[in-house]
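# Commentary on secondary and tertiary structure
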Amino acid sequence: MHVFTIIFLTAFALHLSIQIWLATRQIKHVRDNRHSVPAEFSAVITPRDHAKAADYTVAKQRLGVLELVFDGAVLLWLTLGGGIATIGNLAASMGLPPHWTGVAHVLGVFAFLSLLALPLGAYRTFVMERRFGFNRTTVGVFVADLLKGWLLGALLGGFMVAAVLWVMRSAGQYWWLVAWTVWMGFSLLVTWAWPRLIAPLFNKFSPLDDPALRERIDALLERCGFHASGVFVMDGSRRSSHGNAYFTGLGREKRIVFFDTLLSSLTPVQVESVLAHELAHFKLKHVPKRLIGGAAMSLAGFALLGRLSRQDWFYTALGANSHTDASALLLFILVVPAFAWVLSPFLAAWSRRHEFEADAFAARHSDGSELAHALVSMYKDNASTLTPDPLYSAFYDSHPPPSARIERLLPASGPTSRAAVAAA
Ligand SMILES: [Zn+2]
């Protein structure tokens, strides 16, 4: 057995064990707190809401563990089990020119992965989400989403894979630098085009037509010196009752999008405070920082792939019998997560710091206690757990635990008066 096979298996096993261990901790912690609503939320969150959030969290975690084990088995089959090689032979038997054989090989593996993910995805939507009253997706919408997603993935992914494989073959020793440039350009283009061309394939976006709310939002944008090309309401209720708000696009194409489900559950001043939080991610340069961080990581990734693709052991140790560019790309994409996960707690901590900063910005430019109300209302409507396991949360969560956020937004008061404020 090659030494890199052992390194890969060790990293993979360690990652899987940590994920399962954290999920088990999360399930236990949430169940242990199922009957005790934290004091600062008890005025708004009833014991029934709290128990529902606990059951929902546990159900999601259990399904998550099943998915981890299943995905782990698939990964082992694709790599050491020779699955990538098998799909490569299938692609070769199609009699395409060599370049397109490579593209078919890469897309074939991703098509295989999305087919395998289908049953659990359908179970999540139609059994689990329905059980907790969140699902509004019909079978028709689900199938249409799937087909549109596959078509889009084949077009965008096909274009990108064809470009990278072409660069790998023809751009010489520093092909990885060229490939990275193409990748960055392509991602920026897709981010820019997303709100206008791609998102409307899946949802309806209509301009916000509530004049009072619109006026409030315009005043906030003006106060913060922010330009957006429009405020839109998205028909999120078509698929689920979960609510959200986000910014999308780049430069002057930026749009503000509210889920209709969120607008129906928050008051205008709460909507304003949520928007102020989202705005903060731009004003405090979180978005460019994340873009630069992502660009640096993908550059490191391409540089590493540039080196690995020239090593014989990289292919043999991971079960690929043919040393093609397509195999190198696939092995890299599939195997990197077994090592890159060590970064995830740091990235999560970085993101949580941004979230605290955005909350503080919203408190300065809008209303902190209204944002606290809005958050509590969203926790309730989304059945988010208020009592995550501290270690689980530190490892994964992009947002700080509910209690920590509420405490910072309503600092002057003790738990009792915090509850009173939350009830107001
Ligand atoms: Zn945020």
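For the structure itself, consult the block above.
What you see is a predicted model, and the numbers here were worked out from it, not measured in a lab.

Parameters and conventions
Residues numbered from 1 in each chain as written. Predicted model: local features only at pLDDT ≥ 70, side-chain atom pairs only at ≥ 80, totals over all residues. Heavy atoms only, no water. Donors = N, O, S within 2.8 Å, 3.2 Å for Na, K, Ca; no water. Tetrahedral: all angles 85-135°; square planar, octahedral: opposite > 155°, others 65-115°. Helix = DSSP H or I, 4+ residues; strand = E, 2+ residues; numbered from the N terminus. Buried < 20%, exposed > 50% of the residue type's maximum accessible area, 1.4 Å probe, protein only. Axes fitted to C-alpha atoms, helices over the stretch in contact; angles between N-to-C directions. Left-handed = near helix turned anticlockwise from the far one by under 90°. Contact = heavy atoms within 4.5 Å. Nonpolar A, V, L, I, M, F, W, Y, C, P; charged D, E, K, R; others polar. Core = buried A, V, L, I, M, F, W, Y, C linked by side-chain atoms within 4.5 Å.

This part covers the coordination of the zinc ion. For the zinc ion, every protein donor is listed as H277 (NE2), H281 (NE2), E355 (OE) and E355 (OE), and the spread of their distances is 2.0 to 2.8 Å. Viewed at the metal, the four donor atoms of the zinc ion are separated by angles of 51 to 135 degrees, and the geometry they form is irregular. All donors of the zinc ion come from a single chain, and their spacing in sequence reads H-x3-H-x73-E. With H281 in helix α9 (residues 268-283) and E355 in helix α14 (residues 344-365), the pair connects residues that are 74 residues apart, well separated along the chain. The buried category is assigned to H281, whose relative accessible area is 9%.

Before going further, it helps to spend a moment on the packing of helix α6 (residues 175-202) against helix α10 (residues 286-308). In contact at an axis separation of 9 Å, α6 and α10 are set at 145 degrees when each is read in the N-to-C sense. Note on packing geometry: the crossing formed by α6 with α10 is right-handed. Contacts from W175, W176, L177, A179, W180, W183 and M184 of α6 reach α10 at A295, S298, L299, F302, A303, L305 and G306. Grouping the amino acids of the contact of α6 with α10 by side-chain chemistry returns 12 nonpolar, two polar and no charged.

This part covers the nonpolar core. Counting residues in each nonpolar core, the largest one holds 47 residues, and the members touching the most others are F41, I217, I256 and F258. Excluding residues within four positions of it along the chain, F41 makes contact with V376, Y379, L386, P402, S403 and I406. In terms of nonpolar packing, the next biggest core, distinct from the first, is built from 45 residues, V161, W175, W176 and Y315 among them.

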